[in-house]
Each structure stands twice: as C-alpha cells, then as structure tokens.
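Structural features, examined
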Amino acid sequence: MSTLQSLRPSFHPSISPPNSHTFPFAPVNYSPKSMGSKVVTLRHSAITPRASNSEYTPAHAENLGDVSIFTASGEPVLFKDLWDQSQGVAVVALLRHFGCPCSWELASALKESKERFDSTGVKLIAVGVGTPNKARMLAERLPFPMDCLYADPDRKAYNVLNLYYGFGRTFLNPVSAQVFSRFDALQKAVKNYTIAATPDDRSGVLQQGGMFVFKGKQLLYARKDEGTGDHAPLDDVFDVCCKAPVA
C-alpha cells in the first residue's frame, strides 16, 4: 500500500521521506540490527509500561465525567454516561487522531481484544481526535464497532487527563521508533486507511493519546503515550481489569 510503504525509510533508502500527514513521526536513525530479532507488539511491549496513577486525583475523574464528546453517529454524550459510575469497569483508550495510522493499529488491536473484555463485563471505549464523520471513516473502513467509538474534536478529555501535546512529542520522540518493529501489524491495520480521516483542524495531529482503566469513578490504571505509536500493552490492561471484576 502506498501510504505504508513510506513507513520504513531505513529499509528502503531510495524512498523519499513522506509528509507529516502520512508519516506518524519524523524519520529517526533506525537500524534493524539495533532492534535485534525481538518483535514488539501491543500485547507484549519491550518498552517500560510507565503506568502510573500518581499524577491523578479524584478530581480528574469528576472533571472527566462532565466532558461532553460525540458518538460516531454525531450525538453528544457525557463521559459519565458511558459506563456505570458506581461499580462498572471501563477501558478508556484515547487514540491520537482518526487519520493517524498508529491509531488504526491500536483500534485494530482493541477490536481483536473486545471479546476478551466483554467476557469479563468490561466496557471498551475508544476516543479519537476529530469530528464524528472522521470517526465513522475509521469505523467503516477498519472496521471498528461504532458503539464503542467516540469523537473529541476539541480534545477536551485529553486536556483534562493532561496527555502530551506538541511537535516534539509527535514527530521527534525516539520512543516512536518501536513502531517499526510492528510494521506487519501496522500494514494490516491500515489496509483500507484513508488520509481523509485526518482532522480538518490540523492542530489535532499534535495530540498524543493514553490508556485508562476505571472502576466506577476510581482510576485503576493510567498510562500516557510518550510518543506516536507508544501504546499501552493490552495484556497489562487486561490484567488490571481481571483484578477489578464487575460487582
């Protein structure tokens, strides 16, 4: 696929660097030898999880609950209405924007894990930066269940959770190099990718995501993506969910 062929510039030096819309981060000095033969996946990351709840207080959960976002069909909804605020367990995955290939990769992994979460009564919620019509592009083309997908065009939830934002985090962070070791999974996820899913407000492409697990209003797990493609290992997320079964 033409969009993804440019994701491995060090493998094919003759390929010119792509623009910022098709390439999830700036080219880095990557060599297959430096990575060794170990394959890094979303399930078993070689990167330290960096999961920490220390910077979050109960006020974050309260403030997040009052944030208004949109369903993929365009209906406004409050975060606190997405899961049972008493004892319900929810995995809240904040993607980057809907036009980011790495967001398609994470959404694909979440979709594959949905049955696993459902079996333990865990609600899966995926949020991306962009308008509902952009969310529908990902939902229809990946595909991804629309009833689990939400749009946050103004990045309100991202701001409440203090997720990273900026040019350096998006295009220059060395941690983003790990995505090259997941090239096959990424290529599969973006088989039907469209750049049209990129937010019309281009400032949204500088937003990084994160992964959170809640039981009611209690935050059980928090992990901020350090850079583009630096996703939480889903096995770690699932382990947290298993320790907090639905009442």
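Here's a quick rundown of the structure. (Residues numbered from 1 in each chain as written. Predicted model: local features only at pLDDT ≥ 70, side-chain atom pairs only at ≥ 80, totals over all residues. Heavy atoms only, no water.)

1. Looking at the packing of aromatic side chains
Tallying each qualifying case throughout the model produces 5 aromatic pairs. Over the aromatic face of Tyr164 sits the side chain of Arg169, whose NZ or CZ is 3.6 Å from the ring centroid. When the ring centre of Tyr164 is taken as origin, the NZ or CZ atom of Lys224, which lies over that ring, is 4.4 Å away. (Phe/Tyr/Trp six-rings, centres within 6.5 Å; stacked < 30°, edge-to-face > 60°. Lys NZ or Arg CZ within 6 Å of the ring centre and 35° of its normal.)

2. Observations regarding the side chain of Gln207
Its location among the elements puts Gln207 in the loop between α8 (183–189) and β6 (210–215). Residue Gln207 is classed as buried on the basis of its relative accessible area of 0%. At 2.9 Å, the side chain of Gln207 forms a polar contact with the side chain of Arg155. Contacts of Gln207, omitting those with residues within four sequence positions, involve Arg96, Val129, Arg155, Tyr158, Leu163, Tyr164, Tyr165 and Thr170. (Helix = DSSP H or I, 4+ residues; strand = E, 2+ residues; numbered from the N terminus. Buried < 20%, exposed > 50% of the residue type's maximum accessible area, 1.4 Å probe, protein only. Polar contact = N/O pair within 3.5 Å; in protein donor to acceptor, adjacent residues only side chain to side chain. Contact = heavy atoms within 4.5 Å.)

3. Thoughts on the pattern of salt bridges
Evaluated as defined, the whole model comprises 10 salt bridges. The partner of Asp230 in a salt bridge is Arg223, and the shortest N-O contact between them spans 3.1 Å. We note that Asp230, like Arg223, is buried. Because the salt bridges share partners, they merge into one network encompassing Arg223, Asp225 and Asp230. (Salt bridge = Lys/Arg side-chain N within 4 Å of Asp/Glu carboxyl O.)

4. What about the packing of helix α4 (residues 101–118) against helix α9 (residues 234–242)?
Interaxial distance between α4 and α9 falls to 12 Å at its minimum, and their mutual angle equals 25°. In terms of orientation, α4 lies roughly parallel with respect to α9. α9 is crossed by α4, and the crossing has right-handed handedness. For the pair formed by α4 and α9, the contact residues are Ala109, Leu110, Ser113, Arg116 and Phe117 on the first element and Leu234, Asp235, Val237, Phe238 and Cys241 on the second. Among the residues making up the contact of α4 with α9, the classes are represented as 7 nonpolar, 1 polar and 2 charged. (Axes fitted to C-alpha atoms, helices over the stretch in contact; angles between N-to-C directions. Parallel < 35°, antiparallel > 145°, perpendicular 65-115°, else oblique. Left-handed = near helix turned anticlockwise from the far one by under 90°. Nonpolar A, V, L, I, M, F, W, Y, C, P; charged D, E, K, R; others polar.)

5. Digging into the sheet that holds strand β5 (residues 149–151)
With mixed pairing, the 7 strands of this open sheet are ordered in space as β2-β1-β5-β4-β3-β6-β7. Both outer strands of the open sheet, β2 (76–78) and β7 (218–224), are each paired with one neighbouring strand and no more. The mean inter-strand angle of the sheet, taken between neighbouring strand axes irrespective of direction, is 30°. With 6 bridges connecting them, strand β3 (residues 89–97) and β6 associate as antiparallel partners. Considered in β6, the bridge of Val91 is made with Val213. Contacts from α4 reach β3, β4 (123–129) and β6 within the one sheet, and its direction differs from that of β3 by about 165°. (Pairing = 2+ DSSP bridges.)

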